[in-house]
Amino acid sequence: MTETMDVTGSAIGRPLRRKEDARLLHGQTNWTDNIQLAGTLHMAVLRSPMAHAKIAHIDVSPALERPHVVAAFSAKELGELNGAVPCVWPVTDDIQMPPFHALAVDKVRHVGDCVAVVIANTKYAAADALDAIDVDYEPLPAVIDMEAALKQGSVAVHDAADGSLGTNRCYDFPLKPTGDGSFEAAVKAAGDDAVVVKRRFINQRIIAGFMEPRAVVASPMGMSNEMTVWSATQIPHVLRVLLALVTGLPENTLRIVAPDVGGGFGGKLQLYREEVLAVQIARHLGRTVKWVETRSEDMVSSHHGRDQIQDIQIAATKDGKLIGMKVDLLANMGAYLQIITPGIPLLGMFMFPAIYKMDAYEFSCTGVFTNTTPTDAIRGAGRPEATYAIERIMDELAAELGMDPLKLREMNWIKNTEFPYTTVAGLAYDSGNYEAATERALELFGYDELRAEQEQRRASGDPVQLGLGISTFTEMCGLAPSRTLGALKYVAGGWEHCTIRALPTGKIELITGTSPHGQGHETAWSQIASSILGVPVDDIEVVHGDTGRAPYGMDTYGSRSLAVGGQAIKKAAERLVEKARIIAAHQLECSPDDLDFIQGEFRVKGDPAKAQPLAAVAFEAFTAHNLPDGVEPTLQAEATVDPNDFSYPHGTHLAAMEVDVETGKVKIRKYVAVDDCGVQVNPLIVEGQVHGGLVCGIAQALYEGVEYDSDGNLLTASLADYLIPSAADLPSFITDRTETPSTTNPLGTKGIGEAGAIASTPAIINGIVDALRPMGVTDVKMPATPENVWRAIQAAQGGAQ
């Protein structure tokens, strides 16, 4: 049983158990692979075993001779149906955007590139028939390293439009110097008092690692020319628009359903080639087509994330006051541009200055094509990379200045009395209290005691050294407003929609444009509506993820659902109450202004016994027997909200790291996370989101990393080689919250889904480097495996690596 709302108080702020969990735990879920339709055909995809090659010859006809095979297609057979996946974020006017066809034409450009498909009556027959397809590849040199890819004469991943040798430079994005001028000018103005620290950080490539593999079922609806598509996606509404554009099917004939989705982490924020293929082939054959990826396919075909080379310079006065920062990025696009690939590193552009005050800021980013799986959004999307760089270099600056890294941060962060504050990157932070979050984190962590223990271990030459890692971060959440996105050349908007219906039986139907995949929207959205409508949480049904039932929305990613979608829910609920007030006033024979709405019922002021509950008003609106003139039957309201600004959650994360200097083995001894996400709708869900984010960020720091060899072969092609931690690999986290309400939205909420992933990675690495700094170590390659830590120690001491 879920806990229902106490009608004497608001549901907002209560740690209710998630309504959706009982169904999940009892095995009543409906994953895309559970969709079983009569006559379904199954699709299998032949993928390139080479990172770069010409397709000299391909013949799919032998596959047609295999049992139960219905059809087989290469790009040639698919013809005009071989649609190209679009990129919706052309970040510069001169960006290179080569075609990205569903099936490769003439060349393959990464291991896992789609070459051909087989359609059969069973998934096993389809998979077995792939071996019958005859393909001759002419191998070409592969380019994997970004710096090598940019060199003159490098192998080009894509030919130029005129057939000449192309360039691997996708785009150059320079941000004009902000603040008081260029970084160099600010340093020069400081003269001999300036201290400049330069570092190169490698933010390694990772995978999303969602539990449920990607899947799609495309089903033509007979003579109606309609197509229903079930997909394990984060973005059913965006997917409908993109599929309509790619396939030419009228948008009004496409219904996209995201049933239960087993995690996404940004990896399902995508239009994938397999979705295009399933729809086009189902349309061509007039039959339902289903595809479910294997884990091996996921490793090479679902987009990857991160993969940046970060050259960072930071300058301060000798007493620690920040002067400015300069950021030069190389960002790996992979072999093709997926829907928002080029924009991901630019999401971090605004966040490198983080919570700190400085006088000058410069940023540039070069997007680079390589013969690797395309990259795109993974939890945090650009902001973890930026936070990693600034928090790492703040520690390096502190070491250069001989200061405690926490004191350096305190000296330079924006004080709570200075909000609202416009940063040197141009963002207007509405609220924050970094002092309160840090004070609480220090209290839980025992900072001074651990520093004392660290000194004792160093003095005694203990083989297990102790390091303290710090990460004081902020992030921008709620990808909006639409005008800002437009100014950044992002094709879509940032608004969100909600419709609320009060049904004649007394229940509430809340239709949202957000599309959850584990976040707990059904519970949290019910709490928001309940707090306004005075209806028990269990009496509210949340409808989502189906463009047939919820036709308007911009879906779920970037910690936007509560910050944007929550506002739409609040506005729609308030509008419903106001319509109900007019009907209730008519029924109670009073003026609408003479009614109070308390605990789900309208009461006449001065005569509280004269009242009508919302359920009764809904029934009157349904029968329409006695409505005021001009009031339409039924009781419903809708709202579309486009926020005025981002929201800015923040927090302080502290990690105590034990490092065995003889073996390189690392252990998290203690981890404290104090986050401020504004008003908490459901603290229990917030806690879960923080824990999940922490695991994601710690995994990047210690466990996860995609590796290729020089020929472009993926070395981490299975979960035997790509290490995803389990609960047994991690400590118990100590978490808490401070609350500084956002002033950019009426709920006062901020995002929380990505906070742990953003803050934890630098906290862990800072702790490891802090433990090893007396040995001369200033950086450790991620993931900080025992081997990588040991090599860092050897390199610092001039030993074998």
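Analysis parameters
Residues numbered from 1 in each chain as written. Predicted model: local features only at pLDDT ≥ 70, side-chain atom pairs only at ≥ 80, totals over all residues. Heavy atoms only, no water. Helix = DSSP H or I, 4+ residues; strand = E, 2+ residues; numbered from the N terminus. Rg over C-alpha atoms; globule rule 2.2 N^0.38 Å. Buried < 20%, exposed > 50% of the residue type's maximum accessible area, 1.4 Å probe, protein only. Contact = heavy atoms within 4.5 Å. Areas by Shrake-Rupley, 256 points an atom, 1.4 Å probe, with all protein chains shown as cover. Lys, Arg positive; Asp, Glu negative; His and termini not counted. Charge placed at Lys NZ, Arg CZ, Asp CG, Glu CD. Pairing = 2+ DSSP bridges. Axes fitted to C-alpha atoms, helices over the stretch in contact; angles between N-to-C directions. Domains from an automatic or database assignment. Buried area = accessible area lost by both parts, 1.4 Å probe. Parallel < 35°, antiparallel > 145°, perpendicular 65-115°, else oblique. Nonpolar A, V, L, I, M, F, W, Y, C, P; charged D, E, K, R; others polar. Left-handed = near helix turned anticlockwise from the far one by under 90°. pLDDT = per-residue confidence, 0-100. Salt bridge = Lys/Arg side-chain N within 4 Å of Asp/Glu carboxyl O. Expected span 1.5 Å × (residues − 1). Polar contact = N/O pair within 3.5 Å; in protein donor to acceptor, adjacent residues only side chain to side chain. Phe/Tyr/Trp six-rings, centres within 6.5 Å; stacked < 30°, edge-to-face > 60°. Core = buried A, V, L, I, M, F, W, Y, C linked by side-chain atoms within 4.5 Å.

Undergrad: Would you explain the overall build of the protein chain in this entry?
TA: Broken down by element type, the protein chain carries 21 helices and 28 strands. The C-alpha radius of gyration computed for the protein chain amounts to 28 Å, which stays within 12% of the reference 28 Å derived for 801 residues, consistent with globular compactness. A total of 801 residues make up the protein chain; the buried ones form 61% of that total. Relative to all contacts within the protein chain whose residues are 6 or more apart in sequence, the contacts with residues 24 or more apart total 78%. When the accessible surface of the protein chain is summed, it comes to about 29800 Å², and 51% of that surface belongs to carbon and sulfur atoms. Each charge sign in the protein chain was given a centre, from 67 positive and 101 negative side chains, and these centres are 0 Å apart.

Undergrad: Before we go on, may I ask you to explain the side chain of Ser-561 in this structure?
TA: Along the chain, Ser-561 falls in helix H17 (residues 561–588). Using a relative accessible area of 6% as the deciding quantity, one classes Ser-561 as buried. When residues no more than four places from it in sequence are discounted, the contact partners of Ser-561 are Thr-514, His-521, Trp-525, Asp-555, Thr-556 and Gly-566.

Undergrad: Sorry if this is basic, but what is going on with the sheet that holds strand E19 (residues 496–502) here?
TA: Read across the sheet, 4 strands follow the order E21-E20-E19-E25 without closing on themselves; strand pairing throughout is mixed. The sheet is open, and its two edges are formed by strand E21 (540–543) and strand E25 (635–641), each paired on a single side. Here the strands of the sheet are splayed against their neighbours by 15° on average, with no regard to which way each runs. Here E19 pairs with strand E20 (residues 508–512) via 5 bridges, running antiparallel. Bridge assignment links Ile-500 to a residue of E20, and that residue is Leu-510. Of the strands in this sheet, E19, E20 and E21 touch helix H16 (residues 521–533), which is tilted by about 130° from E21. Strands E19, E20 and E25 of the sheet are contacted by H17, whose axis makes an angle of about 145° with E25.

Undergrad: Explanation requested: the domain arrangement of the protein chain in the structure shown.
TA: Accessible area lost upon the coming together of the parts serves often as the stated size of an interface. Taken domain by domain, the protein chain consists of domain 1 (31–380), domain 2 (430–476 + 648–796) and domain 3 (495–641). Measuring from the centre of the C-alpha atoms in domain 1 to the corresponding centre in domain 3 gives 40 Å. Between domain 1 and domain 3, the residue contacts involve 16 residues of the former and 15 residues of the latter. At the boundary of domain 1 with domain 3, total buried surface from both sides reaches about 1200 Å², with 49% on carbon and sulfur atoms. Looking at the side of domain 1 facing domain 3, the largest losses of area belong to Gln-234, His-237 and Arg-255, adding up to 45% of the total buried there.

Undergrad: I would appreciate a short explanation of the packing of helix H11 (residues 383–401) against helix H12 (residues 405–412) in the present structure.
TA: The relative placement of two packed helices is expressed as an angle between their axes plus a distance between the axes. Closest axis-to-axis distance for the H11/H12 pair is 9 Å, and the angle between their directions is 110°. Taken together, the axes of H11 and H12 are roughly perpendicular relative to one another. In this structure, H11 uses Glu-391, Met-394, Asp-395, Leu-397, Ala-398 and Leu-401 to contact H12, whose residues at the interface are Pro-405, Leu-408 and Arg-409. Residue classes in the contact of H11 with H12 are distributed as 6 nonpolar, no polar and 3 charged.

Undergrad: For this particular structure, what's the right way to read the packing of H11 against helix H20 (residues 755–772)?
TA: As a packed pair, H11 and H20 sit with axes 8 Å apart at the nearest point and diverge in direction by 30°. Here H20 runs roughly parallel to H11, going by the angle between their axes. Seen along the crossing, H11 lies across H20 with a hand that is right-handed. Touching Arg-383, Pro-384, Thr-387, Tyr-388, Glu-391, Arg-392, Asp-395 and Glu-396 of H11 are Ala-757, Ile-758, Thr-761, Pro-762, Ile-765, Asn-766 and Val-769, all from H20.

Undergrad: Mind showing me how you'd approach the environment of Tyr-490 here?
TA: Residue position: Tyr-490 is located in the loop between helix H15 (482–487) and E19. It is 31 Å that separates the C-alpha atoms of Tyr-490 and Glu-418, two residues lying 72 residues apart in sequence. Those residues in contact with Tyr-490, other than ones at most four positions away along the chain, are Val-88, Trp-89, Ile-340, Leu-485 and Tyr-557.

Undergrad: How should the sheet that holds strand E23 (residues 601–604) be read in this particular structure?
TA: What links the strands of a sheet is backbone hydrogen bonding, and the strands pair in either a parallel or an antiparallel sense. Taken in spatial order, the 3 strands of this open sheet run E22-E23-E24, and their pairing is antiparallel. In the strand order of this sheet, the two ends are held by strand E22 (595–598) and strand E24 (607–613), each with one partner. Across the sheet, the mean angle separating the axes of adjacent strands is 30° when strand polarity is ignored. Relative to E24, E23 runs antiparallel, the two sharing 4 bridges. Each residue of the ladder has a partner; that of Glu-601, found in E24, is Pro-613. Packed onto the sheet, helix H18 (residues 614–623) meets E22, E23 and E24 and runs at close to 50° relative to E24.

Undergrad: Would you mind going over the environment of Ala-278 with me for this structure?
TA: Here Ala-278 is to be found in helix H8 (residues 273–285). Residues Ala-278 and Val-117, spaced 161 residues apart in sequence, show a C-alpha to C-alpha distance of 9.8 Å. If we ignore the near neighbours within four places in the chain, the residues touching Ala-278 are Met-43, Val-216, Ala-218 and Val-289.

Undergrad: Could you clarify how one ought to interpret the confidence of the model for the protein chain in this entry?
TA: Parts of the model with low pLDDT should not have their predicted coordinates read in detail. Mean pLDDT for the protein chain: 96, with 98% of residues reaching 70 or above. In this model residues 1–8 is a low-confidence stretch, pLDDT under 50, and it forms 19 contacts with partners more than four residues away in sequence or in other chains.

Undergrad: Which parts of the structure should I look at to understand the pattern of salt bridges?
TA: When their charged atoms lie close together, side chains carrying opposite charge are able to pair. Applying the stated rule across the entire model yields 51 salt bridges. Salt-bridge contacts for Asp-736 lead to Arg-440; the nearest nitrogen and oxygen are separated by 2.6 Å. Placement of the pair is Asp-736 in strand E28 (residues 734–738) and Arg-440 in helix H13 (residues 434–445), with a sequence separation of 296 residues. On the basis of relative accessibility, which here comes to 25%, the residue Arg-440 falls in the partly exposed class. Bridged by salt links that share partners, the residues Arg-47, Arg-214, Glu-274, Glu-293 and Glu-297 form one connected network.

Undergrad: When you look at helix H19 (residues 683–702) in this model, what are you seeing that I'm missing?
TA: Turn by turn, an α-helix covers 3.6 residues, leaving residues three or four places apart pointing in a common direction. In a regular helix each residue adds 1.5 Å, so 20 residues correspond to 28 Å; H19 covers 28 Å between its end C-alpha atoms and thus fits that length. Regarding H19, its N-cap is Asn-682, as a side-chain oxygen of that residue lies 2.9 Å from the backbone nitrogen of Leu-684 further along.

Undergrad: What should I look at first to understand helix H21 (residues 786–796) in this one?
TA: For H21, the full list of buried residues reads Asn-788, Val-789, Ala-792, Ile-793 and Gln-794. Downstream of H21 by one or two residues, Gly-798 has phi in the positive range, about 75°.

Undergrad: What am I meant to see in the side chain of Gln-567 here?
TA: Residue placement: Gln-567 occurs in helix H17. If near-sequence neighbours (up to four positions away) are discounted, Gln-567 is found in contact with Leu-562, Val-641, Pro-643, Thr-744, Asn-745, Pro-746 and Leu-747.

Undergrad: Could you clarify how one ought to interpret the packing of aromatic side chains in this entry?
TA: Taken as a whole and assessed by the stated rule, the structure comprises 11 aromatic pairs. Ring centres 6.0 Å apart and planes at 80° place the aromatic pair Phe-201 and Tyr-388 in the edge-to-face group. In this pair, Phe-201 is assigned in strand E8 (residues 194–206) and Tyr-388 in helix H11, connecting sequence segments 187 residues apart. Tyr-388 matches Phe-201 in its accessibility class, with the two residues each being buried.

Undergrad: Explain the environment of Ala-572 to me, please; I cannot follow it from the model alone.
TA: Checked against the element boundaries, Ala-572 lands in helix H17. Once the C-alpha coordinates of Ala-572 and Ile-765 are considered, the two residues, 193 residues apart in sequence, prove to be 45 Å apart. If we skip the residues at most four places from it in the chain, Ala-572 touches Cys-498, Ile-500, Ala-637, Glu-638 and Ala-639.

Undergrad: Please clarify how the nonpolar core should be interpreted in this entry.
TA: When a protein is soluble and globular, its nonpolar side chains tend to lie buried together. Phe-363 and Ile-768 are the most contacted members of the largest nonpolar core, which totals 151 residues. When residues of this core are assigned to their parent elements, the largest contribution, 10 residues, is made by H20. Counting residues domain by domain, this core receives three or more from each of domain 1 (31–380) and domain 2 (430–476 + 648–796). Those residues within four positions of Phe-363 in sequence are excluded, and the remaining contacts are Phe-173, Pro-174, Leu-175, Val-327, Leu-329, Pro-345, Leu-346, Met-349 and Phe-352. Counting residues in each nonpolar core, the second largest holds 43 residues, with Leu-588, Ala-618, Ala-621 and Ala-639 among its members.

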